[in-house]
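The primary structure of each chain is shown beneath.
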Amino acid sequence: MAAIEVRPLDQGFGAEILGLDLSKSLSQEAFDIWNGAFEEHTVVILRDQDFTEAQHVAFSEKFGPLEVFTDPKDQARGFPTILRVSNVDRDTNEIKPVDDLGHKSFTLGTSDWHTDSSYKRVMSKASLLYGIEIPTRGGDTAFSNTAMAFAALPEKRREELKQIVVIHDFEATRRRFGLPPRSEEIRRKVPPVPQPLVSKLPDGREALLMGLHASHVENMPRKEGDALLSDLTAFATQPQFCYRHKWRKGDLVMWDNRCTLHRAMPYELEGERRLLHRTTIAGEGPLI
Ligand code: SIN
């Protein structure tokens with residue numbers, strides 16, 4: 001096996017892995033190195049890849065069962081566990097109009113700080129995003145490490161925050177953007193869910209869990225709860241807790257949803273093509 005190197009980034013978290021080609025079969029040793037880097041560094045980057053959808057899925061499945069994306073037009077053709085993160089219509093291959101409702105929901109939803117599927121009873125563990133078409137300007141992905149941010153708070157504040165429960169609700173996210181409600185059937189399947197404001201990772205670290213899908217704080221007046229969430233988000237997204245990934249075609253980035261927020265940075269939505277494929281590893285169970 002060629003030597004695999006894990007090179008930590010300067011930002012205080014994140015690491016680049018060198019010496020791996022995911023279009024080839026992966027040894028257990030190589031997988032263990034990757035998994036160890038993921039657990040330790042939170043965001044893992046592998047450049048210059050050229051793999052198929054099936055290889056993307058097969059690699060992702062090594063970390064656990066994958067979430068399924070229900071709307072076929074959001075899926076890579078034939079792969080219900082690959083989400084197209086894109087402004088390009090799958091069927092016409094043209095850039096979508098910005099006022100297309102599905103598109104709007106997606107671009108608005110990913111351009112603000114969020115954690116993938118925090119609105120599900122069992123939220124995700126990790127996501128793997130693969131760059132296929134990259135705009136010439138903008139469209140970076142920014143990450144905030146909410147475990148680092150939580151650890152930087154005074155102890156008394158940390159203890160107070162651990163008592164708080166937050167309701168996450170995808171419909172509330174849509175309402176905030178002025179988007180119409182989804183069907184009754186979908187809403188029944190994904191009802192509002194309680195999540196701890198501070199979640200615990202298997203290694204004992206604790207992290208803030210919030211972001212766009214955090215609708216309101218349980219048992220707290222709305223105004224006070226909203227201010228709490230917005231203050232904590234502002235705190236956790238300060239530069240010292242953030243890494244901004246500048247995409248190149250062929251990059252694969254895996255991040256830990258249990259202790260990060262992320263968002264897509266703006267780009268020319270109607271002038272530049274952006275296509276990335278995302279798989280999402282399901283979590284192991286409800287946090288509450
Ligand atoms: C996402 O939120 O899953 C995608 C982030 C991005 O488009 O950069």
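Reading the values: the criteria
- Each chain carries its own residue numbering, running from 1 in the direction its sequence is written.
- Since the coordinates come from a predicted model, pLDDT governs what is reported: local features require at least 70, and pairs of side-chain atoms require 80 or more to be given and counted, while whole-chain, interface and lining totals use all residues.
- The basis for every side-chain value is the complete set of non-hydrogen atoms in the structure, without hydrogens or water.
- The helix and strand labels rest on DSSP assignments: H or I over at least four residues marks a helix, E over at least two residues marks a strand, and numbering proceeds from the N terminus.
- Radius of gyration: C-alpha atoms only; globule rule: 2.2 Å multiplied by the number of residues to the exponent 0.38.
- For each residue, the accessible area found with a 1.4 Å probe, counting protein chains only, is set against the maximum for its type, and the residue is called buried under 20%, exposed over 50%, and partly exposed in between.
- In this description, accessible areas are obtained by the Shrake-Rupley approach with a 1.4 Å probe, and a residue is regarded as covered only by the protein chains that are shown.
- By the counting rule applied here, Lys and Arg register as positive and Asp and Glu as negative, while His and the ends of each chain are not counted.
- Working definition for charges: the position is that of NZ of Lys, CZ of Arg, CG of Asp or CD of Glu.
- Pairs of strands are assigned from DSSP output, requiring at least two bridges between the strands.
- The path from the first strand over the helix to the second decides the hand: if it runs clockwise while the strands point away from the viewer, the crossover is right-handed.
- A molecule or strand has a residue near it when one of that residue's heavy atoms lies within 4 Å.
- Identification of polar contacts relies on pairs of N or O atoms within 3.5 Å, with a donor-acceptor requirement for protein atoms, meaning one able to donate a hydrogen and the other able to accept it, and with residues adjacent in sequence counted only if both atoms are side-chain atoms.
- For this classification, the nonpolar set comprises Ala, Val, Leu, Ile, Met, Phe, Trp, Tyr, Cys and Pro, the charged set comprises Asp, Glu, Lys and Arg, and every other residue, Gly included, is treated as polar.
- Every residue pair with non-hydrogen atoms within 4.5 Å of one another is taken to be in contact.
- Only the six-membered ring of Trp is used, alongside the rings of Phe and Tyr, when aromatic pairs are assigned; centres must lie within 6.5 Å, and planes under 30 degrees apart are stacked while those over 60 apart are edge-to-face, with the rest tilted.
- A pair is scored as a salt bridge if a Lys or Arg side-chain nitrogen falls within 4 Å of a carboxyl oxygen belonging to Asp or Glu.
- Only the contacting stretch of a helix is used when fitting its axis, a line to C-alpha atoms as for every element, and angles between N-to-C directions run 0 to 180 degrees.

(A) A look at the overall build of the chain. In terms of regular secondary structure, the chain is built from eight helices and 16 strands. On C-alpha atoms alone, the chain measures out to a radius of gyration of 19 Å, which is about the 19 Å that the 2.2 N^0.38 rule sets for 288 residues. For the chain, the spread of C-alpha atoms along the three principal axes comes to 55 × 45 × 35 Å. Across the 288 residues that make up the chain, the buried fraction comes to 50%. Accessible area of the chain: about 13,700 Å², with a carbon and sulfur share of 52%. Positive and negative charge centroids in the chain, built from 38 and 43 side chains respectively, lie 3 Å apart.

(B) Expanded view of the pairing of strand β2 (residues 15-18). Direction of pairing for strand β1 (residues 5-8) relative to β2: antiparallel, over a ladder of four bridges. Bridge pairing in β2 places Glu 5 opposite Leu 18. Linkage of β1 to β2, two consecutive antiparallel strands, is achieved through a turn of six residues, within which Gly 12 is found at a positive phi near 100 degrees. Bridge count between β2 and strand β3 (residues 43-46): three bridges; the pairing is parallel. In the strand pairing of β3, Ala 15 is matched with Val 44. For the crossover that starts at β2, traverses helix α1 (residues 28-41) and ends in the parallel β3, the hand is right-handed.

(C) Up close: the site of the ligand. By nearness alone, every residue bordering the ligand is listed as Val 85, Thr 110, His 114, Asp 116, Thr 141, His 262, Ala 264, Arg 274 and Arg 278. Between the ligand and His 114, the relevant distance is 2.8 Å, taken from an oxygen atom to a side-chain nitrogen or oxygen of the residue. Arg 274 is positioned such that a nitrogen or oxygen atom in its side chain is 2.8 Å from an oxygen atom of the ligand. Relative to its free-state accessible area of 260 Å², the ligand is covered by the protein chains to the extent of 100%. Its residues assigned to classes, the shell around the ligand shows two nonpolar, four polar and three charged.

(D) Quick peek at the side chain of Arg 182. Among the secondary structure elements, Arg 182 is positioned in the loop between α6 (170-176) and α7 (184-189). According to the relative accessible area criterion, Arg 182 is buried, its value standing at 18%. Setting aside anything within four residues of it in sequence, one finds Arg 182 in contact with Phe 170, Glu 171, Arg 174 and Arg 187.

(E) Examining the packing of aromatic side chains more closely. This model, assessed by the stated rule, comprises eight aromatic pairs. Aromatic pair Phe 143 and Tyr 243: ring centres 6.4 Å apart, planes at 10 degrees, arrangement stacked. Of this pair, Phe 143 sits in strand β7 (residues 141-145) while Tyr 243 sits in strand β13 (residues 242-245), and the two are 100 residues apart along the sequence. Judged by relative accessible area, which is 0%, Phe 143 ranks as buried.

(F) The arrangement of the sheet that holds strand β5 (residues 79-86) in detail. If you walk across this open sheet you meet the eight strands as β1-β2-β3-β14-β6-β16-β5-β4, and the pairing is mixed. The sheet terminates laterally at β1 and β4 (75-76), the two strands that pair on one side only. For β5 and strand β16 (residues 275-282), the ladder comprises four bridges, and the chain directions are antiparallel. The residue of β16 that forms the bridge with Arg 84 is His 277.

(G) Inspection of the pattern of salt bridges at higher detail. Applying the stated criterion to the full structure yields 23 salt bridges. Note that Glu 39 is salt-bridged to Arg 258, the shortest N-O span being 3.2 Å. Of this pair, Glu 39 sits in helix α1 while Arg 258 sits in the loop between β14 (252-256) and β15 (260-264), and the two are 219 residues apart along the sequence. The class for Glu 39 is partly exposed, based on a relative accessible area of 30%.

(H) Looking closely at unusual backbone geometry. With phi around 75 degrees, Thr 42 is a residue other than glycine that occupies positive phi space. Along the chain, Thr 42 falls in the loop between α1 and β3. Exposure remark for Thr 42: the relative accessible area of 1% places this residue in the buried category. Notably, Ser 117 is not glycine yet its phi reads approximately 55 degrees, a positive angle. The residue Ser 117 is located in the loop between α3 (101-111) and β6 (124-133) in this model. Here Ser 117 falls in the buried class, since its relative accessible area comes to 5%.

(I) Here's a closer look at the sheet that holds strand β8 (residues 165-168). Pairing is antiparallel across the open sheet formed by three strands, whose spatial order is β9-β8-β12. Edge positions in the sheet fall to β9 (193-196) and β12 (214-217), since each has one partner strand and no second. The mean inter-strand angle of the sheet, taken between neighbouring strand axes irrespective of direction, is 40 degrees. By the bridge criterion, three bridges tie β8 to β12 in an arrangement that is antiparallel. Directly across from Ile 167, in β12, lies its bridge partner His 216. Docked against the sheet, helix α8 (residues 222-236) engages β8 and β12, running at close to 125 degrees with respect to β12.

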